[in-house]
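# Summary of structural features
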Amino acid sequence: MDTSASRQEALARGTGLEGAFYAVLPYALLAACAVVTMLQPSGQPMVEVLAVLGLTLLAALWITAFALLGRRDARRHLARAAVYYVGLMALTTTLVALAPWYAIFAFIGYVHAYLFLEGRWRYLGVVATSMIMTVGYMGGFGEIAQKWALWAAISAVTVLLAATSFHFTDTADISGRRQRRAFDELHAANAKLESALRENGELQAQLLVQAREAGVRDERQRVARELHDTLAQNLAGILTQLQAAEQTQEDLEALRTHVRRALDLAREGLVEARRTVHALGPAALEKSRLPDAIDNVARRWSEVTLISAALTTTGTPRPMHPEVEVTLLRTAQEALANVAKHAQASRVGLTLSYMDDLVTLDVRDDGVGFDTVAALGKNISDADEGGYGLAAMRQRVQRLAGRLVIESKPGAGTAILAAVPAIPLEVAP
């Protein structure tokens, strides 16, 4: 493949100084040999002189015919190049036999063997050219008959030198071509790398935009969840207490109690709103462990709603990662808020369970229940009552790779189970 590529590359050189040199060289050598032959002292028969000139013209026409008709096709048809070369050697041999000076023209055999032949055929051309040139050096075939051993020795040396030169030229040509191919491949690889870097830069820019948009969306959802779980519930509690106070205006003690509870809820709502803005954890978890925090929430909710609520803890309580505790606390708050709004229940039971790999919170009431398919089908962006809270609870739990199960039927109460991984306090989620 390398030899063929070398020949094809050489044949392709039809323009430039190098191409012009290879095109003109055979005609220049023929002309020089013809002039030298004509300048020799007259002693040759006119017939031989005319034969030499005729063969010279025929050799020029043979070279021209191959240049016009066969050189381009020689890339695909080695046989045509071989026929041309055999014809060229036959003409050269005849010319050297008639006029030994044509050994100068015989040099073209080396050039055309390298350009048009391949593999071992090149070295056969080297052998033929060397033997023909040696005939010319020794003065013709008449001298060889008397000094054939010398002719053989000179031919052998010439063949060795020419073959060695061909070998090194071929090796250098193959090496240079491989280097050019490697350079081209490197250039192509660099171009692909630059393209990949540009694409990577564009992709990174897109990812940054998407990450920024996702961050904004997540922050909006976080604020919405926190406001729903804290401020909205506190406002609902305040409204309930004010309505109760309005109905007990004549009972000053009851009126003060409702107003005091409304003020407490307002203060708590203000604190939680500020903590939400600053992305801080619930105040209930700052000084209390999760079971105590949920128990306090249930107790205070029971005081406000006058609905019995009790917490049961199973397993061994242990500190969990803040995200785990916040998720379970907010689930308890939302579940109790839904009971107060919709359940018309008389009793609520909460069960907090610590297991090896899970922490679960189960909230059950004996209220009127609801259609879970209809309620859970609402989108989280819908602010109507019942839809947002359930979807927000599910989203909170799923953020920790947990699961939320809601079981309810009209007239049969409601059970909400939140299960999240038991991530220890010292391990980040």
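Here, the structure is the one placed above.
Quick look at the structure, then. None of the values given here were measured: they were computed from a predicted structure. The numbering scheme is per chain: residues are counted from 1 as the chain's sequence reads. Per-residue local features of the predicted model are confined to residues with pLDDT of at least 70, and side-chain atom pairs are confined, for both listing and counting, to 80 or more; whole-chain, interface and lining totals are unaffected and use all residues. The basis for the side-chain values is all heavy atoms of the structure; hydrogens and waters are excluded.

With that out of the way, let us pick up the overall build of the chain. Strands here are runs of E lasting at least two residues and helices are runs of H or I lasting at least four, both read from the DSSP assignment and numbered beginning at the N terminus. Secondary structure summary: the chain contains 14 helices and 5 strands in total. Only protein chains enter the accessibility calculation, which uses a 1.4 Å probe; a residue whose area is less than 20% of its type maximum is buried, one above 50% is exposed, and one in between is partly exposed. Within the span of the chain, comprising 429 residues, buried residues form 39% of the whole. When contacts within the chain are restricted to residue pairs at least 6 apart in sequence, those whose partners lie at least 24 apart make up 70%. For the chain, the exposed surface amounts to about 24,300 Å²; the carbon and sulfur share of it is 62%. Note on definitions: a residue-residue contact is assigned when non-hydrogen atoms from the two residues lie within 4.5 Å. What sets the accessible areas is the Shrake-Rupley method with a 1.4 Å probe; for residues, cover comes only from the shown protein chains.

Glancing now at the packing of helix α11 (residues 290-305) against helix α12 (residues 322-343). Simply put, an axis is a line fit to the C-alpha atoms, just over the touching stretch for a helix, and the angle between two N-to-C directions goes from 0 to 180 degrees. At their nearest, the axes of α11 and α12 sit 10 Å apart, and the two run at 15 degrees to each other. As far as their axial angle goes, α12 and α11 are roughly parallel. Our pair here, α11 against α12, has a crossing hand that is right-handed. Two secondary-structure elements touch here, α11 through Leu290, Ala293, Ile294, Val297, Ala298, Trp301 and Thr305 and α12 through Glu325, Leu328, Leu329, Ala332, Gln333, Leu336, Ala337, Val339 and Ala340. Only Asp, Glu, Lys and Arg are considered charged in this grouping, and only Ala, Val, Leu, Ile, Met, Phe, Trp, Tyr, Cys and Pro are considered nonpolar; every other residue, Gly among them, is considered polar. Of the residues that constitute the contact of α11 with α12, the class distribution is 13 nonpolar, 2 polar and 1 charged. By definition in this entry, angles of less than 35 degrees are roughly parallel, angles greater than 145 are roughly antiparallel, angles of 65 to 115 are roughly perpendicular, and the rest are oblique. Rotating anticlockwise by less than a right angle from the far helix to the near helix defines a left-handed crossing, while the corresponding clockwise rotation defines a right-handed one.

With that settled, consider the pattern of salt bridges. What counts as a salt bridge is simple: a side-chain nitrogen of Lys or Arg found within 4 Å of a carboxyl oxygen of Asp or Glu. Summed over the entire model, instances satisfying the criterion amount to 3 salt bridges. With a closest N to O distance of 3.7 Å, Arg299 and Glu303 form a salt bridge. Taken together, the positions of Arg299 and Glu303, both in helix α11 and 4 residues apart, correspond to about one turn of that helix. The salt bridge partner of Asp362 is Arg364, with a shortest N-O separation of 2.7 Å.

Looking at the element boundaries, His112 is found in helix α6 (residues 108-116). For the purposes of these results, a polar contact is taken to be a pair of N or O atoms within 3.5 Å, where, inside protein, one atom must be able to donate a hydrogen and its partner to accept one; residues adjacent in sequence count only when each atom of the pair is a side-chain atom. At 2.6 Å, the side chain of His112 forms a polar contact with the side chain of Tyr84. Ignoring anything within four residues of it in the chain, the contact list for His112 reads Pro26, Ile63, Tyr84, Tyr85, Leu88 and Leu117.

Given two aromatic rings, their pairing is described by the distance between the two centres and the angle made by the two planes. Only Phe, Tyr and Trp rings take part, Trp by its six-membered ring, and two of them pair if their centres are within 6.5 Å. Stacked means planes under 30 degrees apart, edge-to-face means over 60, and tilted covers everything else. This model, assessed by the stated rule, comprises 5 aromatic pairs. Their ring planes at 10 degrees and their centres at 6.3 Å tell us that Trp62 and Tyr84 sit as a pair that is stacked. You can see Trp62 sitting in helix α3 (residues 46-70) and its partner Tyr84 sitting in helix α4 (residues 78-98), a full 22 residues away along the chain. On the basis of relative accessibility, which here comes to 32%, the residue Trp62 falls in the partly exposed class. The exposure class assigned to Tyr84 is buried, which follows from its relative accessible area of 2%. Between Phe66 and Tyr84, the ring centres sit 4.1 Å apart and the planes meet at 10 degrees, which makes this aromatic pair stacked. Residue Phe66 is found in helix α3, and its partner Tyr84 is found in helix α4; the two are separated by 18 residues along the sequence. Look at Phe66 and you get buried, because its relative accessible area is 7%. An aromatic cluster of three or more residues is present, and its members are Trp62, Phe66, Tyr84 and Phe116.

Another point: the environment of Val348. Along the chain, Val348 turns up in strand β2 (residues 347-354). Through-space distance from the C-alpha of Val348 to that of Leu311 is 8.9 Å; in sequence the pair is 37 residues apart. Beyond its immediate sequence surroundings of up to four residues, Val348 is in contact with Trp301, Ile307, Ser308, Ala309, Ala310, Leu336, Val339, Val363, Arg364 and Asp365.

Despite not being glycine, Gln344 has its phi angle at roughly 55 degrees, a positive value. For Gln344, the position within the fold is in the loop between α12 and β2. By relative accessible area, which is 69% here, Gln344 ends up exposed. The phi dihedral of Ala401 is positive, around 60 degrees, even though this residue is not glycine. Relative to the helices and strands, Ala401 is located in the loop between α14 (387-399) and β4 (403-408).

Attention shifts here to the environment of Thr92. Here Thr92 lies in helix α4. Between the alpha carbons of Thr92 and Ile104 there is a distance of 10.0 Å; along the sequence they are 12 residues apart. Other than its neighbours up to four places away in sequence, Thr92 contacts Phe105, Ala106 and Ile132.

Residue position: Arg330 is located in helix α12. A distance of 2.8 Å separates polar atoms of two side chains, one belonging to Arg330 and the other to Gln333.

If DSSP finds at least two bridges between two strands, the strands pair. Ordered in space as β1-β2-β3-β5-β4, the 5 strands form an open sheet in which the pairing is mixed. The open sheet has two free edges, formed respectively by β1 (308-314) and β4, since each of these has just one partner strand. Strand-to-strand twist of the sheet, defined as the mean angle between neighbouring strand axes without regard to direction, takes the value 10 degrees. Bridging between β1 and β2 involves 7 bridges; their strand directions are parallel.

Helix span, as expected, comes to 1.5 Å for every residue beyond the first. Look at helix α7 (residues 119-137): 28 Å from first C-alpha to last across 19 residues, which is about the 27 Å you get at 1.5 Å a residue. Looking at α7, one finds that the buried residues are Arg122, Gly125, Val126, Thr129, Ser130, Ile132, Met133, Thr134, Val135 and Gly136. Once α7 finishes, Gly139 follows within two positions and takes phi at roughly 100 degrees, a positive value.

We now examine the packing of α4 against α6. Where α4 meets α6, the closest approach of the two axes is 11 Å, and the angle between their N-to-C directions is 175 degrees. With respect to α6, the element α4 is oriented roughly antiparallel. Listed contacts from α6 to Leu78, Ala81, Tyr84, Tyr85, Leu88 and Met89 of α4 are Ile108, Gly109, Tyr110, His112, Ala113 and Phe116. Considering only residue class, the contact of α4 with α6 consists of 10 nonpolar, 2 polar and no charged.

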